Amino acid sequence: DMINKRVQYLNIRKTTKKEERHVSKSSELRDICNAGYKNKTLQDKMIRNSPAIAAMVRLYEIGVEVNQFHRNELDSCSGGR
């Protein structure tokens, strides 16, 4: 939730018109797409070939690090509860 609040301006859905969004009618096609995007080789290729995707991935990774730092800091302040 902390990450969402920090990067909500990156919400792509806010700038996309409903008629332009892709919605797979077939659950089979959707499953094929989902499986493809979970493929690490494809992910690496997309990150390598798209500076925008690489920047979003890096921003997400930094957000995860910041979130972990804040959680550790809060734990240390509350005595580790």
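The preceding data block contains the structure.
Everything quoted here is computed from the prediction, not taken from an experiment.

### Focus on the pattern of salt bridges
Under the defined criterion, the tally for this structure stands at 2 salt bridges. With a closest N to O distance of 3.1 Å, K40 and D44 form a salt bridge. Within this pair, K40 and its partner D44 are both found in helix α3 (residues 40-49), separated by 4 residues, close to a single helical turn. For K40, a relative accessible area of 55% translates into the label exposed. Close ionic contact of E61 with R58 constitutes a salt bridge, the shortest N to O distance being 3.8 Å. Remark: R58 and E61 occur in helix α4 (residues 51-77); sequence separation between them is 3 residues, near one turn of the helix. Looking at E61, the relative accessible area reads 38%, which means it is partly exposed. Relative accessible area serves as the criterion here: at 43%, R58 is assigned to the partly exposed category.

About the cut-offs
- Residues numbered from 1 in each chain as written.
- Predicted model: local features only at pLDDT ≥ 70, side-chain atom pairs only at ≥ 80, totals over all residues.
- Heavy atoms only, no water.
- Salt bridge = Lys/Arg side-chain N within 4 Å of Asp/Glu carboxyl O.
- Helix = DSSP H or I, 4+ residues; strand = E, 2+ residues; numbered from the N terminus.
- Buried < 20%, exposed > 50% of the residue type's maximum accessible area, 1.4 Å probe, protein only.

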